[in-house]
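Coordinates in review
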2 protein chains.
Amino acid sequence: SCFLTLGMSYPDPRQREEFIKMEASMRLGGNVSLSPEEQQLDAHLSKLMLEEMAREDFLPALHFFKARPLIRSSHIYGLLQKMPKGAALHVHDFAMVDVEWLVRNVTYRPHCYICYTDDRSVRFYFSSGLPKPLSNCSPWTLLEQLRAKTVNVTDLDDSLMSYMTLWTMEDPELAYPSLTVVWKRFEQAFKATWGLVTYAPVFKDYFHEGLLQFYRDNILYVEVRALLPETYELDGSTHDTEWTMKTYQDTARQFVEENPDFFGARVIFTVNREINPALLTKKVQKAMKLQVDFPETMAGFDLVGQEDTGRPLWEYKEALSLPAAQGSNLSYFFHAGETNLQGTKSDQNMLDALLFNTSRIGHGFALLRHPVAKMLSKMNAVPLEVCPISNQVLKLVTDLRNHPAAALLSEGHPLVISSDDPSMFGASGLSDDFYEAFVGFGGLSNHLGTLKELAMNSIRYSSLPPNLQEKAMALWQRKWNKFVTENL
Amino acid sequence: SCFLTLGMSYPDPRQREEFIKMEASMRLGGNVSLSPEEQQLDAHLSKLMLEEMAREDFLPALHFFKARPLIRSSHIYGLLQKMPKGAALHVHDFAMVDVEWLVRNVTYRPHCYICYTDDRSVRFYFSSGLPKPLSNCSPWTLLEQLRAKTVNVTDLDDSLMSYMTLWTMEDPELAYPSLTVVWKRFEQAFKATWGLVTYAPVFKDYFHEGLLQFYRDNILYVEVRALLPETYELDGSTHDTEWTMKTYQDTARQFVEENPDFFGARVIFTVNREINPALLTKKVQKAMKLQVDFPETMAGFDLVGQEDTGRPLWEYKEALSLPAAQGSNLSYFFHAGETNLQGTKSDQNMLDALLFNTSRIGHGFALLRHPVAKMLSKMNAVPLEVCPISNQVLKLVTDLRNHPAAALLSEGHPLVISSDDPSMFGASGLSDDFYEAFVGFGGLSNHLGTLKELAMNSIRYSSLPPNLQEKAMALWQRKWNKFVTENL
Ligand SMILES: [Zn+2]
Ligand SMILES: [Zn+2]
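Residues numbered from 1 in each chain as written. Chains lettered and ligands numbered in written order. Predicted model: local features only at pLDDT ≥ 70, side-chain atom pairs only at ≥ 80, totals over all residues. Heavy atoms only, no water.

1. Some thoughts on the interface of chain A and chain B
Note the following rule: Whether two residues are in contact is decided by their heavy atoms, any of which lying within 4.5 Å being enough. Summed over both partners, the accessible area lost on bringing two parts together, with a 1.4 Å probe, is the buried area. Whenever Lys or Arg places a side-chain nitrogen within 4 Å of a carboxyl oxygen from Asp or Glu, that contact is recorded as a salt bridge. For this analysis, a polar contact is any N or O atom pair within 3.5 Å, provided that within protein one partner can donate a hydrogen and the other can accept it, and provided that sequence-adjacent residues contribute only side-chain to side-chain pairs. The helix count covers DSSP runs of H or I at least four residues long, the strand count covers runs of E at least two residues long, and both are numbered beginning at the N terminus.
Counting from both sides, the interface comprises 52 residues of chain A and, opposite them, 52 residues of chain B. Summed over both partners, the interface of chain A with chain B buries about 4800 Å², with 60% contributed by carbon and sulfur atoms. Looking at the side of chain A facing chain B, the largest losses of area belong to Y10, R16 and Q342 of chain A, adding up to 15% of the total buried there. On inspection of chain A and its partner chain B, the count reaches four salt bridges. With its nearest N and O atoms 3.6 Å apart, the salt bridge here joins E411 of chain A to K374 of chain B. Linking chain A with chain B are 22 residue pairs in polar contact (both at pLDDT 80 or more). At the level of elements, α2 (13-26), α14 (317-325), α15 (349-355), α16 (371-379) and α18 (404-410) of chain A are the ones that each hand at least two residues to the side of chain A that touches chain B. Counting residues per element, the side of chain A that touches chain B draws most heavily on α2 of chain A, which supplies eight residues.

2. Notes on the nonpolar core
Soluble globular proteins tend to bury their nonpolar side chains together. We count it as follows: Throughout this description, the term nonpolar core refers to a set of buried Ala, Val, Leu, Ile, Met, Phe, Trp, Tyr and Cys residues connected via side-chain atoms within 4.5 Å. Burial classes follow relative accessibility: with a 1.4 Å probe on protein chains only, a residue under 20% of its type's maximum area counts as buried, one over 50% as exposed, and anything between as partly exposed.
With 312 residues, the main nonpolar core has V222 and F301 of chain A together with V222 and F301 of chain B as its most contacted residues. Excluding its chain neighbours within four sequence positions, the residues that come into contact with V222 of chain B are A88, V91, M96, L211, F214, F262, G264, A265 and R266 of chain B.

3. Thoughts on the pattern of salt bridges
Overall, the coordinates contain 52 salt bridges over all chains when judged by the stated rule. As a salt-bridge pair, R16 of chain A and D352 of chain B come within 2.5 Å of each other at their nearest N and O atoms. Taken together, the positions of R16 of chain A in helix α2 and D352 of chain B in helix α15 (residues 349-355) put the pair across two chains. Considered together, R16 of chain A and D352 of chain B belong to a single accessibility category, that of buried residues. Sharing partners across several salt bridges, the network here consists of E223, R225, D302, R360 and E385 of chain A.

4. Topic: unusual backbone geometry
Residue and element names in this part refer to chain B. Residues other than glycine seldom take positive phi values, yet N357 does so here, at roughly 65°. Judged by relative accessible area, N357 falls into the exposed class, the value being 56%. Positioned with a positive phi, K395 is a non-glycine residue whose angle comes to about 70°. Relative to the helices and strands, K395 resides in the loop between α17 (388-393) and α18 (404-410). With a relative accessible area of 25%, K395 lands in the partly exposed category.

5. Considerations on the packing of aromatic side chains
How we decide: In summary, the pairing rule links any two rings of Phe, Tyr or Trp, Trp by its six-membered ring, whose centres are within 6.5 Å, and it sorts them by plane angle into stacked for under 30 degrees, edge-to-face for over 60 and tilted for everything else. Lysine and arginine charges are scored as sitting over a ring when NZ or CZ, respectively, is within 6 Å of the ring centre and within 35 degrees of the ring normal.
Within the structure shown, the criterion is met by 54 aromatic pairs over all chains. Ring geometry for F203 of chain A against Y248 of chain A: centres 5.0 Å apart, planes inclined by 65°, an arrangement best described as edge-to-face. Here the residue F203 of chain A occupies a position in helix α11 (residues 200-216), and Y248 of chain A occupies one in helix α12 (residues 241-258), the gap between them amounting to 45 residues. Comparing F203 of chain A with Y248 of chain A, the two get one shared label, buried. Ring centres of W480 of chain B and F483 of chain B lie 5.5 Å apart, and the angle between their planes is 50°; this geometry places the pair in the tilted category. Here the residue W480 of chain B and the residue F483 of chain B both occupy positions in helix α22 (residues 466-486), the gap between them amounting to three residues, near one helical turn. In this pair, the class of W480 of chain B matches that of F483 of chain B, namely buried. It is R68 of chain B that lies over the ring of W167 of chain B; its NZ or CZ is 3.7 Å from the centre.

6. Here we look at the confidence of the model for chain A
Where the model shows low pLDDT, its predicted coordinates should not be examined in detail. Condition: Per-residue confidence from the predictor is reported as pLDDT, which spans 0 to 100.
Residues at a pLDDT of 70 or more form 98% of chain A, whose mean pLDDT is 96. Scored below 50 in pLDDT, residues 1-7 of chain A shows five contacts in the model against residues more than four places distant or in partner chains.

7. What about the coordination of the zinc ion (ligand 1)?
All names here are of chain A. As a reminder, the rule being used: Metal-coordinating donors are taken as N, O and S atoms lying within 2.8 Å of the metal, or within 3.2 Å when the metal is Na, K or Ca; because water is left out, some sites can appear incomplete. Every geometry call rests on angle ranges, with four donors termed tetrahedral when all angles are between 85 and 135 degrees, four termed square planar and six termed octahedral when opposite donors are over 155 degrees apart and all others are between 65 and 115, and everything else termed irregular.
The protein atoms donating to the zinc ion (ligand 1) are H90 (NE2), H92 (NE2), H335 (NE2) and D420 (OD), with metal-donor distances spanning 2.1 to 2.2 Å. Coordination at the zinc ion (ligand 1) comes from four donor atoms whose angles at the metal span 83 to 170°, giving a geometry best classed as irregular. Read N to C, the donor residues that coordinate the zinc ion (ligand 1) are spaced as H-x1-H-x242-H-x84-D. Of the two residues, H90 sits in strand β1 (residues 86-92) while H335 sits in strand β10 (residues 335-336), which places them 245 residues apart along the sequence.

8. A closer look at the relation of the copies chain A and chain B
Here is the rule: Superposing copies: least-squares fit, C-alpha atoms only, residues required to have pLDDT of at least 70 in both.
Its rotation angle being 180°, the transformation that places chain A on chain B also includes 0.0 Å of axial translation and leaves an RMSD of 0.0 Å. Between the two chains, the operation in question is that of a two-fold axis. Looking at the interface residues of chain A, 100% of them are also at the interface in chain B, so both copies use one shared face.

9. Section: the packing of helix α3 (residues 36-53) of chain A against helix α22 (residues 466-486) of chain A
All names here are of chain A. As a reminder, the rule being used: Each axis is a line fitted through C-alpha atoms, and for a helix only the stretch in contact is used; angles between axes span 0 to 180 degrees, taken between their N-to-C directions. Throughout this description, any angle smaller than 35 degrees is read as roughly parallel, any larger than 145 degrees as roughly antiparallel, any in the 65 to 115 degree range as roughly perpendicular, and the remainder as oblique. Put simply, a crossing is left-handed when the front helix is turned counterclockwise from the back one by less than a right angle, and right-handed when it is turned clockwise.
The interhelical angle for the contact between α3 and α22, taken along N-to-C directions, is 55°, at an axis separation of 9 Å. Taken together, the axes of α3 and α22 are oblique relative to one another. As α3 runs across α22, the sense of the crossing is left-handed. Mapping the contact onto sequence places E37, E38 and L41 in α3 and W480, F483, V484 and T485 in α22.

10. A few points about the state of the cysteines
What counts is decided by this rule: Pairs of cysteine sulfur atoms within 2.5 Å are what we label disulfides.
Scanning the entire structure with this criterion turns up two disulfides over all chains. Disulfide pairing is shown between C115 of chain A and C137 of chain A; the S-S distance is 2.1 Å. The S-S bond linking C115 of chain A to C137 of chain A shows a torsion near 95°; that makes this disulfide right-handed. Here C115 of chain A is found in strand β2 (residues 112-116), whereas its partner C137 of chain A is found in the loop between β3 (122-126) and β4 (141-142), with 22 residues between them in sequence. Here C115 of chain A falls in the buried class, since its relative accessible area comes to 0%. Here C137 of chain A falls in the buried class, since its relative accessible area comes to 14%. No disulfide involves C112 of chain B; its sulfur sits 11 Å from the nearest other cysteine sulfur, which is in C115 of chain B. With a relative accessible area of 1%, C112 of chain B lands in the buried category.

Next comes the structure, spelled out in structure tokens:
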């Protein structure tokens, strides 16, 4: 080249090339080898990425509520939707299914009562007779009767949906001006959903529908964070934790029978981090017992809820030390570092999660600001479950190019992409989050190798034992090869 | 403690403490030793930080235009304002001085003409007779006559100010909806200022006033990025680059004579990165000559302007290789990585700046996403000049807690805090940026050691030769000791 003829050029362009290659190989997926067919698809993918970079508004810089229609109609989304994305490792029990299904299917079932709370939310309850009155709520009305009296039922149904999700057509900055407000609304939506999904017949159907929605999004395996609540019947009788766990297991098995190219689901038992430390001991003991009784389905234990207002992990150290002390093989999958409050107790949760030997870190949004925790996470291959849309909607970051995962991805830090509470954010399966991650966390630096590694990571870092991981990986590989061939 | 009596506790709380200490010592300033008096001030500072953390709205998460009144009235700002902050290493020639001074002082001088451009900006020109008409601009009017005809002169003067700054009382999200818009307005404001500050008598006064404003903000030394333009006189005659350079030198010397506890100023010659690569050779040659002719004042060379739309450094490789080839000791201080466009050519500028042996990196906003460039910057102690308010106003980041410098600071990466174009952003000296950095880049993890190290870094990483650095450091240390004693 011309540099060689110059002889004395400075800086050495070959060294420059070396540095550029070194950086490319350090990226997540930077060392994935691509077949000739994959390279062909990769070239196509680069062109689609250029389309995204050329937009007037770069979509991952916009709030997802504004970007969604544009994302969904992009060529790259179309490809990501079809792509076998592997496993969804961070989704919550009651935020898997589009709220439209809850309203159009569940609330139309017989015996569904509704009341309106003083703080502008709703509660639902299925009952053969009139349910007991709730404090701070209107008298219960049978939804069937309410609909009969309502002129515009579509409007009513739309309003019911809006109670169960954060998704809105309003300007999200105005609707949710602060982190406190958005978390309050998040918890409200959760409570509005509660009476529907803890009704035993719905509980089973909801999980089935959740698996179906992820399956249709080309996910082959799901690990669900589950509160394992009591469920109830029309006569007010209730089922215990074991029933709930068994229902998850049966539903997952049944789903795999119906769809043999789906691999299955496991459960991470979660408890809200508002719980009194003394009471957590019982929950951890329960988790250890479930681990023994449901080895196929029980994956581990976690604490959930807003970290900044909840108790730090270290306050639970006695209870969390039990499994190691008692020789249990209970695994942890702690939410940690879902915070921007630097130097506070909640900011310390990531280090403590790692010291408690967590298998993965839920979010780890603050990890980049904790070099020791980051080093431990990398050295011990403890991946982050990165949920871009969740972090944006819950106001940790605006422009997703500034999400810490963009830097972590460039360093090849172990991570997987997940969707946390898709129904709350108006997202679906993993495809929306994959769009944000692929386009937002690297732009033109990303390529098919990035996607392939993210998908493989989701199986590699699942709770599945090695023999099942191998099977899941083989299943994914077949789907992947088919995907590559079909999209050249 | 209770852990020792437990005997079998897990994880080991002493190891936990070790990790926490390790992380604290890795931070920028984490190993600075504090005298008993400094520790006392540090304890006070922690309380002030808690006040900031307890606010309903965390100020570095807000746009600076909204946060400024709250920042200015905070206790921590009061302290930062008084603190000897060392040197301002990244400020531009014509954005140092509050626009109020330009309007109230400069535009009231005789012979000041104004015209209004078609794209809603203004141009100024000092002239003994009517200046030649400008295309796309109204006929020139003598400002004195315009004021005489104007009922509300305050309104007129306010409008003149608004042309020369991005600062606005409007909602900044509405006023500047996109990066393209805000950069366009930025360049407009720059052009509006041009005719005032390149008038030779004003040029000298402007720099003097700039030094004064930084001196009053407790800065002891300034390195100014300077275009070294031709300046003009009333009769239309002009002065060349050497005059401009000499004026900087004379003004800085005079200022030090007037204020012996100010250390001085040096100049980094800058050229817009729109320049044709062939023409850059001449500029680099000019820079090498200035280095020989003004060794006291000439610090080095840089390229400026919007990186995403300008040429990448690598296109200038021939010209930029000249100094090394010719044995010149010209230093580089490249703007690089002021971008969110990952994987593009402008995203490559940081690596190239480092390969060209840059002494510092202006911004390096994208460095965190480039692990090899980051490693080179750390290994070779090439600091970033971090300008938080600039990056926020120019729309690279919203919530400053997500600014990459928060992570870099936690790793002890070499960096200094500067203000880029304070007059454009409604900021003053370095105190506003120090507030954003100290509160936003670490919150409760930051302490007096952080501030002390940031101040010392600004001298350590200045272009001053070692003997002068030693003198500057001694001067700073005396001021610092006085500051500590006076604020206990
Ligand atoms: Zn979660
Ligand atoms: Zn600059």
